[in-house]
Structures are given as C-alpha cells and as structure tokens.
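Remarks on the overall topology
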Amino acid sequence: MFWLKTRIIEGRGSLEKLKKEAEGHERVLVLSSNSMKRHGFLSEAEDYVTEAGAEVFSITGLPAEPSVETIEEFLPKVREFEPDLLVALGGGSVIDATKALKVFYDAPELEFEEIAFIDRFSKPKPVPKLKTRLIAIPSTSGAGSEVSAASVLKKGDVKYNIVTPEIAPDVAILDPRLPMTMPREVARNSGLDVIVHGIEAYTTKVANDFSDAMAIRAIKTVYKWLPLSVKGDEEAREKVHYAATMAGIAFLNARLGLCHAMSHKAAWLGPHGLLNAIFLPYVMEFNAKRSDYARRRYAEIARELGFQTAKDLIEVVKELNEMLGVPTLGELVDEETFMARLDEMAEKAYRDGLTAFNPVEPKPEEIKELYLRAFYKE
C-alpha cells in the first residue's frame with residue numbers, strides 16, 4: 001500500500017500560498033524556529049495570515065531537540081489561544097513539536113506514554129480522530145517531517161515516536177528561500193539524513209515500487225547535489241530541499257531500519273542526521289553480509305549512482321562522509337562515557353520499532369558490536 005495525505009506546494013516564493021491556505025480560519029497559531037524569526041520569514045508568514053483575515057499568534061524558541069517536557073511547557077499557550085489552524089515554520093524539530101501539540105491539544109485526555117512507540121514489543125493506544133488542520137513549512141532539508149505521520153520526541157536522553165496518520169500535515173509548503181538560511185553544518189547533517197532515509201526506505205522489508213521511486217530519486221539527488229548545497233549553492237539547496245520531502249514520502253510508506261533505531265537511542269551523542277551518517281556504513285555491511293535481499297537492493301542503488309555492487313555503495317557512503325567531514329563517534333564522546341551507556345543503547349535499539357523493518361533481525365549483542373565498530377572506526 002502507498003499513501004500520501006499531504007498536499008505539496010513547492011517553488012520559490014511559495015510561502016505566499018499560506019495566505020490562501022489560511023482563508024476561512026479564525027485563529028492561526030504559528031510555531032517557529034528562532035532562525036525563521038531572525039531571517040524575516042516569520043513576519044512574512046504572519047502578514048499572509050493577517051491578509052487572509054485571521055488572527056495570528058506566534059510561538060518561537062522551541063529547542064533543537066523537542067522533548068515531552070517541551071510539549072508540556074507550550075501546551076497551555078496553545079489551549080489558551082484556541083487555534084483552528086496550526087502552522088509549523090522551521091526544521092524537523094519544530095514540525096515534530098507542532099504535531100505533538102496537535103495531538104494533546106485535540107485529545108487532551110491522552111498521555112504520551114500510552115500513545116508513543118516505546119518499543120516494538122508493546123502496542124500503543126491508537127490516536128483518535130484529530131480536527132485541527134496543520135501546515136508544515138520546513139526550513140531545513142532532512143527530516144521529511146512535513147509529509148510523515150511521525151513525531152519524534154525525546155524523553156530523557158532517548159527519542160521515541162508517536163506514529164499516526166492523524167498528525168501527517170494537511171499541506172506542506174516547500175519554499176527554497178528558507179533552506180538558504182541553513183548554516184553549513186546544518187545543511188550537511190540534514191542532507192546526510194536524506195540519503196540515509198532513502199537507502200533505508202529502499203531496503204526495508206515493506207518497501208514497494210512506489211516508495212522505491214521516491215527513495216531512488218532522493219538518493220540520486222542528494223549524492224549529486226549535497227556537496228554543492230553544503231557550500232551554499234542556491235540550485236543545490238533547492239534540489240536537496242525537494243529530495244528531503246521525496247525521502248519523507250518514501251519512509252512514510254516503507255519505514256526505516258536499524259540505522260535509525262541506533263541513532264534514536266544514541267540521541268544524547270549529537271545531531272540526528274550526523275549520527276545516521278556515522279552508523280550507516282556499519283549497518284549496511286551487517287545487512288549485506290547476512291541478507292541476499294539487502295545485498296541485491298544495495299547493488300540496485302549502486303547501479304543507479306553509476307557503480308555496481310553493494311560493496312561499492314558502502315564505499316560511496318564512506319567517501320561521502322569523509323568528503324563532508326563527518327566525525328567519528330570517538331570525536332563526539334569519550335570512551336568511558338560511551339562504554340557506560342553502551343549496553344543500554346544496544347538493548348533499546350533492539351527494542352526500537354524500526355528494527356522490525358530492517359532486512360536483518362539483529363540480536364542485542366550484534367547491535368552492541370555495531371556501536372563499538374562505529375566508535376573505534378573499525
């Protein structure tokens with residue numbers, strides 16, 4: 001099955017379409033990153049909402065990694081304003097936070113622990129029908145949250161998912177002017193996230209022809225354009241911005257795998273896209289050794305990029321990381337701190353819901369070995 005709830009509006013200057021989307025609404029709440037306020041896009045969005053005849057209220061200052069506590073902090077403001085339209089203006093974290101706020105605003109009786117995917121061996125309570133419309137306007141090019149049915153939140157030092165079609169945005173506006181504001185490191189990390197999304201979505205147990213098409217196009221686009229995007233090239237930034245959404249559509253349908261499970265449970269170490277890039281070659285090697293299916297699928301991607309084998313693709317991923325200056329795990333954390341958390345991370349990654357979609361079912365000790373290989377760069 002392939003589905004997409006979100007209507008996509010793209011193109012330079014497409015932020016202006018917010019005016020038409022806001023028509024017929026009375027109170028519009030905009031959740032924005034500080035960078036969107038700083039670069040003037042928040043005030044531009046507010047003007048469009050006002051021109052549509054709606055009252056607008058904006059909240060800024062959401063943290064880079066939203067947590068359950070973040071939602072609890074901002075929820076009273078949302079309830080007090082009583083919006084009939086939510087607008088998320090910012091990176092994947094802002095969009096994920098807005099999705100979670102929508103859940104607890106529309107269904108205040110719910111608790112995070114009862115609806116979140118804490119692990120793959122427990123079944124969360126289903127989220128009921130939600131009524132408030134949501135428009136996502138991404139400013140970074142990586143998470144794919146503008147089309148996905150997931151909200152990733154931290155509880156403690158670990159990330160968990162709320163997954164329901166009810167939080168997939170109704171509309172995504174992809175204006176390539178916004179990602180031009182990304183600092184070099186954010187452009188790199190978010191772009192690497194896209195290629196990991198594509199490769200994992202293409203190789204899960206539930207991938208299909210339609211998700212494959214989106215995954216392959218995203219991978220090829222990022223492979224070609226990310227190095228230029230990191231340098232600030234405008235055309236490259238636009239290409240990668242659209243590729244991020246394509247990869248989001250791919251994993252919305254095909255899900256993700258072990259690399260993401262490991263990144264979620266190592267969230268305390270650094271930015272999500274960066275961790276994905278670090279873990280990916282090791283996960284690919286593990287999958288390729290154990291699964292004919294994974295090896296064949298990696299080879300198919302390799303041929304799309306002008307190479308031949310699964311091994312070639314793994315080398316391509318390593319070379320891209322090296323070209324873009326991706327650090328080792330050992331450069332992010334000291335050995336003693338890492339070792340103290342290793343067993344816990346491996347066990348939680350094993351229990352993560354995304355591990356179920358990986359082409360190979362890993363044991364906790366095998367995941368532990370992958371973490372160690374990434375740390376020592378073996």
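Up top is the structure these notes are about.
1. Remarks on the packing of helix α10 (residues 258-265) against helix α14 (residues 335-351)
Here α10 crosses α14 at 135 degrees, and the two axes come no closer than 8 Å. Judged on the interaxial angle alone, α14 and α10 are oblique. Regarding α10 and α14, the two cross each other, and that crossing is right-handed. Where α10 approaches α14, its residues Ala261, Met262 and Lys265 are matched on the opposing element by Met345, Lys348 and Ala349. Class assignment for the residues of the contact of α10 with α14 results in 4 nonpolar, no polar and 2 charged.

2. A few points about the nonpolar core
Ile199, Met262, Phe279, Leu329, Phe338 and Tyr371 are the most contacted members of the largest nonpolar core, which has 69 residues in total. Sort the elements by how many residues they give to this core and helix α11 (residues 272-290) lands first, with 11 residues. If we skip the residues at most four places from it in the chain, Met262 touches Phe279, Val283, Ala349, Ile367, Leu370 and Tyr371. Among the nonpolar cores identified, the runner-up in size contains 34 residues, and Leu31, Phe104, Ala107 and Leu134 belong to it.

3. So, the packing of aromatic side chains
One pass over the structure, following the stated rule, counts 7 aromatic pairs. Ring centres of Phe121 and Tyr350 lie 5.9 Å apart, and the angle between their planes is 40 degrees; on these two criteria the pair is classed as tilted. Within this pair, whereas Phe121 is found in the loop between α6 (112-115) and β5 (133-138), its partner Tyr350 is found in helix α14, the two being separated by 229 residues in sequence. One aromatic cluster in this structure is built from Phe338, Phe375 and Tyr376.

4. Some thoughts on the pattern of salt bridges
Counting across every chain of the model gives 26 salt bridges. We note a salt bridge from Arg297 to Glu300, for which the minimum N-O separation is 3.3 Å. Of this pair, Arg297 and Glu300 both sit in helix α12 (residues 292-304), 3 residues apart, which is roughly one turn of the helix. Residue classification places Arg297 among the buried residues on the basis of a relative accessible area of 9%. For Lys318, the salt bridge identified is with Glu315, shortest N-O distance 3.7 Å. With a gap of 3 residues between them, Lys318 and Glu315 both fall in helix α13 (residues 310-323), about one helical turn apart. Using a relative accessible area of 31% as the deciding quantity, one classes Lys318 as partly exposed. Overlapping salt bridges, with partners in common, bring together Asp212, Arg296, Arg297 and Glu300 in one network.

5. Here we look at the environment of Lys311
With respect to the helices and strands, Lys311 occurs in helix α13. In this structure the C-alpha to C-alpha distance between Lys311 and Val28, which are 283 residues apart in sequence, comes to 50 Å.

6. Digging into a nonpolar patch on the surface
Together, Phe2, Leu4, Ile8 and Phe210 make up an exposed nonpolar region whose accessible area comes to about 350 Å². Mapped onto the fold, Leu4 is located in the segment before β1 (7-10).

7. What to know about unusual backbone geometry
The phi dihedral of Arg255 falls on the positive side, at around 65 degrees, and the residue is not glycine. Arg255 gets classed as partly exposed once you look at its relative accessible area, which sits at 27%. A positive phi is found at Lys377, a non-glycine position, where the angle reads about 55 degrees. Take Lys377: it is sitting in the segment after α15 (364-376).

Parameters and conventions
Residues numbered from 1 in each chain as written. Predicted model: local features only at pLDDT ≥ 70, side-chain atom pairs only at ≥ 80, totals over all residues. Heavy atoms only, no water. Axes fitted to C-alpha atoms, helices over the stretch in contact; angles between N-to-C directions. Helix = DSSP H or I, 4+ residues; strand = E, 2+ residues; numbered from the N terminus. Parallel < 35°, antiparallel > 145°, perpendicular 65-115°, else oblique. Left-handed = near helix turned anticlockwise from the far one by under 90°. Contact = heavy atoms within 4.5 Å. Nonpolar A, V, L, I, M, F, W, Y, C, P; charged D, E, K, R; others polar. Core = buried A, V, L, I, M, F, W, Y, C linked by side-chain atoms within 4.5 Å. Buried < 20%, exposed > 50% of the residue type's maximum accessible area, 1.4 Å probe, protein only. Phe/Tyr/Trp six-rings, centres within 6.5 Å; stacked < 30°, edge-to-face > 60°. Salt bridge = Lys/Arg side-chain N within 4 Å of Asp/Glu carboxyl O. Patch = residues over 30% accessible without salt bridge, like charges linked within 9 Å, V, L, I, M, F, W, Y side chains within 5 Å. Areas by Shrake-Rupley, 256 points an atom, 1.4 Å probe, with all protein chains shown as cover.

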